[in-house]
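Each chain, written out:
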Amino acid sequence: MAEDRLYDLMDWAQIEAVVYSEEDHPHDILGPHITEEGILIQAFIPTADRIIVQITGKKESYEMTMEDENGFFAVLIPGKEIPKYTLYIIFDNGTSMEYADPYAFEPVITRKDTAKFNAGICYDIYEKLGAHPMTIDGISGVHFAVWAPNAMRVSVVGDFNLWDGRRLPMRRLWDSGIFELFVPGVSVGEIYKYEIKAKGGLVFLKADPYANAAELRPNTASVIADLNQFTWTDSQWMEKRKKTDTKTAPMAVYEMHLGSWRKPDQKDFYNYRELAPMIAEYVKEMGYTHIELLPVMEHPFDGSWGYQVTGYYAPTSRYGKPEDFMFFMNYMHEQGIGVILDWVPAHFPRDAFGLAQFDGTCLYEHFDPRQGSHPHWGTLIYNYGRPEVSNFLIANALFWVEKYHADGIRMDAVASMLYLDYGKNDGEWVANMYGGNENLEAMEMLKHLNSAMKKRKDGAIVIAEESTAWPKVTGALDDGGLGFDYKWNMGWMNDFIGYMSLDPIFRSGNHGGLTFSMIYAYSEDFVLTLSHDEVVHGKCSLINKMPGELSQKFANLRAAYGYMMAHPGKKLLFMGQDFAQYKEWNEAIQLNWEDMENEPNRRMHEYYQALLAFYRSHPALYEMDYDSEGFEWINAIDANENLLVFVRKTKKKEDTLLVVCNFSPLVYENHQIGVPYPGKYKEIFNSDREEFGGSGNLNPRVKQSKKEECDGKDDSIVIKVPPMGISIFSYSIAEARAVSGKKTVPASKKGTLKEQQMRKAEPKARPTAARKTERTKKKNEK
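Below, the structure is looked at part by part.

1. Quick look at the sheet that holds strand 12 (residues 171-173)
- Pairing is antiparallel across the open sheet formed by 4 strands, whose spatial order is 9-10-13-12. Taken across any chain shown, the strands that pair with only one partner, and hence form the sheet edges, are strand 9 (130-136) and strand 12. Neighbouring strand axes in the sheet, compared pairwise and without regard to direction, differ in orientation by 30° on average.
- As paired strands, strand 9 and strand 10 (residues 139-147) are joined by 7 bridges and run antiparallel to one another. Directly across from His 132, in strand 10, lies its bridge partner His 143.

2. Some remarks on the packing of aromatic side chains
- With the rule as written, the count across this model stands at 60 aromatic pairs.
- Judged by centre distance (6.1 Å) and plane angle (70°), the rings of Tyr 563 and Phe 646 are edge-to-face. With a gap of 83 residues between them, Tyr 563 in helix 16 (residues 550-566) and Phe 646 in strand 30 (residues 643-648) connect regions that are remote in the sequence. Per residue, the accessibility class of Tyr 563 equals that of Phe 646, and both read buried.
- Stacked on the ring of Trp 593, the Lys or Arg Arg 262 has its end atom at 4.3 Å from the ring centre.
- In this structure, Lys 653 packs its charged tip against the face of Tyr 677, placed 4.4 Å from the ring centre.

3. Quick word on helix 7 (residues 322-334)
- In this model, helix 7 (13 residues) spans 18 Å end to end at C-alpha, consistent with the 18 Å of a helix rising 1.5 Å per residue.
- Looking one or two residues past helix 7, Gly 336 carries a phi angle of roughly 80°, positive in sign.

4. So, the sheet that holds strand 4 (residues 61-63)
- Strand order in the open sheet made by the 4 strands is 4-3-7-8, with antiparallel pairing throughout. The outermost strands of the open sheet, each flanked by one partner alone, are strand 4 and strand 8 (96-100). Taken over all neighbouring pairs, the strand axes of this sheet differ in orientation by 20° on average, direction set aside.
- Pairing of strand 3 (residues 48-55) with strand 7 (residues 85-91) involves 7 bridges; the strand directions are antiparallel. Counterpart to Arg 50 in the pairing with strand 7 is Ile 90.

5. Some details on the nonpolar core
- Among the nonpolar cores identified, the biggest contains 192 residues, and Phe 144, Ile 291, Phe 328 and Tyr 364 are the most heavily contacted of them.
- For this core, the leading source of residues is helix 9 (residues 387-404), giving 11 residues.
- Beyond its immediate sequence surroundings of up to four residues, Phe 328 is in contact with Leu 258, Tyr 272, Leu 275, Ala 276, Ile 279, Ile 291 and Leu 293.

6. A few points about unusual backbone geometry
- Following Arg 217, the chain continues to Pro 218 via a peptide bond in cis, the omega torsion being 10°.
- For Pro 218, the location among the structural elements is in the loop between strand 15 (203-206) and strand 16 (222-223).
- Positive phi values are uncommon outside glycine, yet Gln 357 reaches one of about 45°.
- You can see Gln 357 is positioned in the loop between strand 21 (338-343) and helix 8 (369-372).
- Judged by its relative accessible area of 46%, Gln 357 is partly exposed.

7. Observations concerning the packing of helix 6 (residues 272-286) against helix 7
- Closest axis-to-axis distance for the helix 6/helix 7 pair is 8 Å, and the angle between their directions is 15°. Accordingly, the angle class assigned to the pair helix 6 and helix 7 is roughly parallel. Pair helix 6 / helix 7 crosses with right-handed handedness. Residues Tyr 272, Arg 273, Leu 275, Ala 276, Pro 277, Ile 279 and Ala 280 of helix 6 pack against Glu 323, Asp 324, Phe 325, Phe 327, Phe 328, Tyr 331 and Met 332 of helix 7.
- Here the residues of the contact of helix 6 with helix 7 sort into 11 nonpolar, no polar and 3 charged.

8. Focus: the packing of helix 7 against helix 9
- Contact geometry for helix 7 and helix 9: axes closest at 10 Å, N-to-C directions at 75°. If you check the angle between helix 7 and helix 9, you find them roughly perpendicular. The residues of helix 9 that touch helix 7, namely those facing Pro 322, Phe 325, Met 326 and Met 329, are Trp 400, Lys 403 and Tyr 404.
- Considering only residue class, the contact of helix 7 with helix 9 consists of 6 nonpolar, no polar and 1 charged.

9. Considering the pattern of salt bridges
- All told, the structure shown has 38 salt bridges when counted by the stated rule.
- The salt bridge partner of Lys 243 is Glu 239, with a shortest N-O separation of 4.0 Å. Remark: Glu 239 and Lys 243 occur in helix 4 (residues 235-243); sequence separation between them is 4 residues, near one turn of the helix.
- Exposure remark for Lys 243: the relative accessible area of 66% places this residue in the exposed category.
- A salt bridge links Lys 454 to Asp 485; its shortest N-O distance comes to 3.4 Å. Of the two residues, Lys 454 sits in helix 11 (residues 440-456) while Asp 485 sits in the loop between strand 25 (461-464) and strand 26 (486-488), which places them 31 residues apart along the sequence.
- The class for Lys 454 is partly exposed, based on a relative accessible area of 39%.
- Overall, the relative accessible area of 16% leaves Asp 485 in the buried class.
- When salt bridges that share partners are traced, they join Glu 292, Asp 342, Arg 410, Asp 412, Glu 465 and Asp 533 into one network.

10. Considerations on the side chain of Ser 390
- Structurally, Ser 390 is set in helix 9.
- Residue Ser 390 is classed as buried on the basis of its relative accessible area, which comes to 8%.
- Excluding anything up to four places from it in sequence, Ser 390 contacts Tyr 384 and Met 445.

11. Topic: the pairing of strand 7
- With 6 of 7 residues buried, strand 7 lies mostly within the body of the structure.
- Sheet topology places strand 7 next to strand 8; 5 bridges connect them, and they run antiparallel. Following the sheet pairing, Tyr 88 is matched in strand 8 by Glu 98.
- Connecting strand 7 to the next strand, strand 8, in antiparallel fashion are 4 residues, including Gly 94 with a positive phi near 95°.

Rules used throughout
Residues numbered from 1 in each chain as written. Predicted model: local features only at pLDDT ≥ 70, side-chain atom pairs only at ≥ 80, totals over all residues. Heavy atoms only, no water. Pairing = 2+ DSSP bridges. Helix = DSSP H or I, 4+ residues; strand = E, 2+ residues; numbered from the N terminus. Axes fitted to C-alpha atoms, helices over the stretch in contact; angles between N-to-C directions. Phe/Tyr/Trp six-rings, centres within 6.5 Å; stacked < 30°, edge-to-face > 60°. Buried < 20%, exposed > 50% of the residue type's maximum accessible area, 1.4 Å probe, protein only. Lys NZ or Arg CZ within 6 Å of the ring centre and 35° of its normal. Expected span 1.5 Å × (residues − 1). Core = buried A, V, L, I, M, F, W, Y, C linked by side-chain atoms within 4.5 Å. Contact = heavy atoms within 4.5 Å. Parallel < 35°, antiparallel > 145°, perpendicular 65-115°, else oblique. Left-handed = near helix turned anticlockwise from the far one by under 90°. Nonpolar A, V, L, I, M, F, W, Y, C, P; charged D, E, K, R; others polar. Salt bridge = Lys/Arg side-chain N within 4 Å of Asp/Glu carboxyl O.

In structure tokens, the structure reads:
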């Protein structure tokens, strides 16, 4: 009679769906259920020979009946309330185990959570989806959740269930598209994937899009991790960051790839914990304010340098575990170094274990290849108009700031997101609803992300690598802008390197390559970059782009770096370029520290170190980067001489710096230049110093301006302009005494009689041919 009652209580249609792995609501049949006859407990465990229900805290136990030979068991126990119990399982090979029933737990994710996610506004969705260790009703385990709305069935599989998708089918939560399951007994460090059965019957494995860790390539499984166990000690840095206005502070960024920066002899890579002190020591010694890491998100191919991401929520296991990367970030902050992370929301690879056709359909990407694929890159484009996809990306950027204390996110390939026809020919793209080539959905996603980031008010910044003239990339959101904090100035990089790569003889005809950037300098908040894009993708280190023999190459590069540091905008330099690595990047893509053994490289290293120290100690070079009042041309038209003269300023007149750049190999003796104010000008930086590898053409004496018109200024000074170099002068107001209505210099300031006679004997400035012509013209006019 008991067996008949049990048989009548069972839903055999659903049991068949469970046995054939096609059930997406397994909790409706598996686990405990209250009936009029008692508590019905059902379990499906293939290869189980016997299953016994053990009532927790009591000596009661009930053996389950095998109702289907595939491993479906059931038992009816007395009672009106569901008791706490475990399943004691004896397998057909004689082994046994005991664990709490995964189907005895209520959903962890709420309807409110899923509603926000489906609307694209669940900014902490990474706390809901993925694999999260937790304790429910005193039972430890891991909660798994994944978005796969078009799947027939989703199961979590791993070593803990023999990678058998029949054993742990997940529950579909309402119409949200999310599947979830709490699995008792599973712990941190175990590997897993999702087995998905598509509607056509195809079964395949996928890594978890929200996984917090992953196996080391070439393995592709996700790894259970707990991100809440690390103890952060960077509160002082975080509080300071919140109060700092980066726009008026110095920012000199060292762009680097962790795996190529330095490699050990006995293994492939250093651990994050090993890298942290080595990198911090170097960065502090040089004087950089930040490092920017090429993508640390998990990726399968070393040669991509992280730009083809498969694990957006997982730091790559090449260098250690998540807590190791937390240590790295924490250590950098304790050493006073900011960390910017490269991030790739523009596209993702087609790897079968990744996001591509995730649930058997084009879920993260567009179905139409004209919208969903990059023909040149061979990758897939996100469907930014799908709220859950947008939420995945927005939450990911916030995740790195929240969980890993990232100080900034540098967004890769923004131009490819904004233009529907980016890298495509006619017929390979689909216009927007208005017939244009703007990706309206990507625009909205970017604005949404930047809005969410700004609402944090914690000082984290977002930087766009946008290579076109798209307007208002750093414009305010309420003024129609995209809302980024900074934009890489790719135009400046291309123009400037193009100019510097020319022989000085031909530079006069390309003078605009130097000056054009100032025409649009204040249209965006720019970062000047000499980045990996130019060095690695161009297969050529910067030193090898410079013309001339080796000493001339180094002089050119010193001048280039000097001009970059004096030009408005924050600064970024790729690793190896600060000591002018000249061995080309090859398949090993490894920084060549051996170059530092060469004297020219060592001197370049010292030069850039001195340049960074000078930059950080002079507010005129950074305080008004984005205020046009902070820059003034003195002479931008001496193309034939390859000269530029300009002024950098702050609100304080005494902070003024006069900058003279010479991109020719000639020394200009007794060269007259206009100055913004009457007073004293002292050379405080010169790239031609002998210790930097230069020839020592300096201006050792303070220059007192004279009332001689030059460069449109009433006052001027006469200087020696170093060849292929940069010379920077500080400004101070001349001390004077009023005598009979005239200003005289105190005798103590005049020097000895001999010194005065020598000064009188000094030859006067020799004006250039252009200036001579201009003065003759003025005399004739008079």
